[in-house]
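Residue strings, one per chain:
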Amino acid sequence: MSVAFRRESDEEHLEPKFELPIPPGPNLVTTAGLAIIEAKLATVEALIASAPEELVLADAKRQWRYWITRKTSAQLAPPPPLDRVAFGSRVRFTLNGALRSVTLVGSDEADTATDKIPFTAPLARALIGGEVGEALDFGGRADAIEILGIEGTDSAPWPIS
């Protein structure tokens, strides 16, 4: 009989599931970022406790390994200084003349829809260490960024106007 007509099991035809990649570098977190990690871990643990299927259980365990690693490696960052951009800062600036505002957070807390960018992103790296009124290079352009304001993450966000 030809191998093409033989069916051993569905499992041998499934794509392999690899571990979720851990972002490189230190796992700096804000207080909100740590709460996100703990909530994700609790959700996955509840899924493991009630997983009806073996495939769902295997995926949940894979997610659990990721989130438990993120929780155990989390380093709660101190509040950022208000005179210099640092991890946890909310920064208002112009980028090539356009007004923007971002908060520098950890990888698991990053969400571009809410203007939270990871501290490892190129824009964040360009901003870190900057002061109000300073012009910074970015994207191969001199003075592409002008920092207008710096706040801690517990402050209310600026309105963009």
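Computed from a predicted structure; not experimentally measured.

A. Structural detail: the overall build of the protein chain. Tallying secondary structure elements over the protein chain gives 3 helices and 7 strands in all. Order of helices (α) and strands (β) in the protein chain, N terminus to C terminus: β-α-α-β-β-β-β-α-β-β. Counting over 161 residues, the protein chain shows a buried share of 32%. The contacts of the protein chain with a sequence gap of at least 6 include a subset with a gap of at least 24, amounting to 53%. By element, 57% of the accessible surface of the protein chain is carried by carbon and sulfur atoms, the whole surface being about 10000 Å².

B. Spatial organisation of the pattern of salt bridges. Taken as a whole and judged by the stated rule, the model has 6 salt bridges. Between E19 and R65 there is a salt bridge; the shortest N-O distance is 2.7 Å. Of this pair, E19 sits in the segment before β1 (27-29) while R65 sits in helix α2 (residues 54-73), and the two are 46 residues apart along the sequence. A salt bridge links K116 to E109, with the shortest nitrogen-to-oxygen separation between them at 3.8 Å. For E109, a relative accessible area of 7% corresponds to the buried category.

C. Quick look at the confidence of the model for the protein chain. Looking at the protein chain, pLDDT values average 87 and 85% of them are 70 or higher. Considering each helix and strand of the protein chain separately, the mean pLDDT is smallest for α2, with a value of 92, and largest for helix α3 (residues 122-127), with 97. Low pLDDT, under 50, characterises residues 155-161; the predicted model gives this stretch 15 contacts beyond four residues in sequence or across chains.

D. Structural detail: the nonpolar core. Formed by 17 residues in total, the largest nonpolar core has its most connected members in V85, V91, F93, L104, L127, I145 and I147. Mapped by element, the contributors of at least two residues to this core are β3 (90-95), β4 (98-105), α3 and β7 (141-151). Excluding its chain neighbours within four sequence positions, the residues that come into contact with I147 are V85, V91, R92, F93, L127, G130, E131, V132, G133, E134 and L136. In this structure, V29, I37, V44 and W67 belong to the second largest nonpolar core, which totals 6 residues.

E. Expanded view of the pairing of strand β6 (residues 135-138). Strand direction decides the pairing type here: β6 and β7, joined by 3 bridges, are antiparallel. Bridge pairing links F138 to R141 in β7. Hairpin connection between β6 and β7: a loop of 2 residues separates the two successive antiparallel strands, and G139 in this loop has a positive phi of roughly 60°.

F. Quick peek at the sheet that holds β3. In spatial order, the strands read β5-β4-β3-β7-β6; together these 5 strands make up an open sheet with mixed pairing. Of all strands in the sheet, those with a lone pairing partner are β5 (116-118) and β6, marking the two edges. Strand-to-strand, the axes of this sheet are offset by a mean angle of 45°, without reference to chain direction.

Rules used throughout
Residues numbered from 1 in each chain as written. Predicted model: local features only at pLDDT ≥ 70, side-chain atom pairs only at ≥ 80, totals over all residues. Heavy atoms only, no water. Helix = DSSP H or I, 4+ residues; strand = E, 2+ residues; numbered from the N terminus. Buried < 20%, exposed > 50% of the residue type's maximum accessible area, 1.4 Å probe, protein only. Contact = heavy atoms within 4.5 Å. Areas by Shrake-Rupley, 256 points an atom, 1.4 Å probe, with all protein chains shown as cover. Salt bridge = Lys/Arg side-chain N within 4 Å of Asp/Glu carboxyl O. pLDDT = per-residue confidence, 0-100. Core = buried A, V, L, I, M, F, W, Y, C linked by side-chain atoms within 4.5 Å. Pairing = 2+ DSSP bridges. Axes fitted to C-alpha atoms, helices over the stretch in contact; angles between N-to-C directions.

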